[in-house]
Amino acid sequence: SFHAGQAEEMILFHCPQIRSAQISRTVPNAVDIALTDDKAVYYADIYGDLAVLSSGLRVLGFTDAETAEADGLTRLVLPAVSGSVAGRVISFTQERDLRYVRSVLSAAEGSSLFAEGRIDRIDVSDEHNVKVICDGMYILKLGDEKECDLKLRMAYKTIDSNSFDREIPASIDLSDFSRTVEASVRYDMRLIVD
């Protein structure tokens with residue numbers, strides 16, 4: 001005898017790679033367990049440990065930088081974290097941080113830059129100064145989370161335009177965004193992205 005809800009929670013806690021578990025009983029004495037795995041999307045330095053995170057910011061395990069990059073994971077720079085337990089969503093010292101971080105990540109994941117694997121790092125450590133490193137040489141300054149999806153679309157169009165010099169590192173400022181303003185691009189031969 002067992003409670004299905006408790007068993008599902010235990011599976012999720014002990015198997016961080018599992019996103020959901022559904023247990024159902026079938027008559028007369030069988031149990032069906034349906035599992036859905038979670039996909040590693042990000043990695044982040046949390047107090048010296050590199051945590052592997054799902055798109056929902058669930059900790060799936062821990063890794064090293066070399067393995068994370070080889071696996072094609074995007075690096076996150078997060079605001080202050082208060083807890084990171086494998087199998088659970090990370091918790092921030094300020095509860096409101098989770099909302100804006102998820103908002104920015106949702107916009108990033110929906111962008112063409114992310115779909116093409118061009119986003120290397122997303123810095124959401126300051127909610128008013130969000131930055132994205134793209135192609136290892138472009139800093140996209142998004143400012144706050146507002147209209148992040150439009151800012152990323154504009155950045156994609158800017159980088160892929162024929163007039164954009166793809167050989168020189170650049171900083172693209174989209175922080176003062178409105179539909180009538182163009183992105184400002186500053187080429188910088190000494191741009192350091194890490």
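Described below are features of the structure shown in this document. Quick caveat, the model's predicted, so the values are computed rather than measured.

**Points about the overall build of the protein chain**
When helices and strands are tallied, the protein chain shows 5 helices and 13 strands. Burial statistics for the protein chain: of 194 residues in total, 39% are counted as buried. Considering only contacts in the protein chain between residues 6 or more positions apart, those separated by 24 or more positions represent 43%. Entry remark: accessible area of the protein chain is about 11,200 Å², with carbon and sulfur atoms responsible for 49%.

**Here we look at the environment of Ala34**
Assignment of secondary structure puts Ala34 in strand E2 (residues 30-37). With a relative accessible area of 44%, Ala34 lands in the partly exposed category. Taking the C-alpha atoms as reference, Ala34 lies 6.5 Å from Ile23; in sequence the two are 11 residues apart. Those residues within four positions of Ala34 in sequence are excluded, and the remaining contacts are Ser20, Ala21 and Gln22.

**Focus on a nonpolar patch on the surface**
A cluster of nonpolar side chains, contributed by Phe2, Val31, Ile33 and Leu35, occupies part of the molecular surface with about 350 Å² of accessible area. Relative to the elements of secondary structure, Phe2 occurs in the segment before helix H1 (4-14).

**Remarks on the pattern of salt bridges**
Overall, the coordinates contain 9 salt bridges when judged by the stated rule. Its salt-bridge partner being Asp135, residue Arg118 comes within 2.7 Å of it at the nearest N-O pair. On the criterion of sequence distance, the pair formed by Arg118 in the loop between helix H4 (112-115) and strand E9 (119-123) and Asp135 in the loop between strand E10 (130-134) and strand E11 (138-143) is long-range, its members being 17 residues apart. The exposure class assigned to Asp135 is partly exposed, which follows from its relative accessible area of 31%. A salt bridge links Asp160 to Arg118, with the shortest nitrogen-to-oxygen separation between them at 3.2 Å.

**Focus: the packing of aromatic side chains**
The tally for this structure, following the rule as stated, stands at 1 aromatic pair. Between Tyr42 and Phe114 the ring centres are 6.2 Å apart and the planes differ by 50°, which places this aromatic pair in the tilted class. Note that Tyr42 is positioned in strand E3 (residues 42-46) and Phe114 in helix H4, a separation of 72 residues in sequence.

Conventions we followed
- Residues numbered from 1 in each chain as written.
- Predicted model: local features only at pLDDT ≥ 70, side-chain atom pairs only at ≥ 80, totals over all residues.
- Heavy atoms only, no water.
- Helix = DSSP H or I, 4+ residues; strand = E, 2+ residues; numbered from the N terminus.
- Buried < 20%, exposed > 50% of the residue type's maximum accessible area, 1.4 Å probe, protein only.
- Contact = heavy atoms within 4.5 Å.
- Areas by Shrake-Rupley, 256 points an atom, 1.4 Å probe, with all protein chains shown as cover.
- Patch = residues over 30% accessible without salt bridge, like charges linked within 9 Å, V, L, I, M, F, W, Y side chains within 5 Å.
- Salt bridge = Lys/Arg side-chain N within 4 Å of Asp/Glu carboxyl O.
- Phe/Tyr/Trp six-rings, centres within 6.5 Å; stacked < 30°, edge-to-face > 60°.

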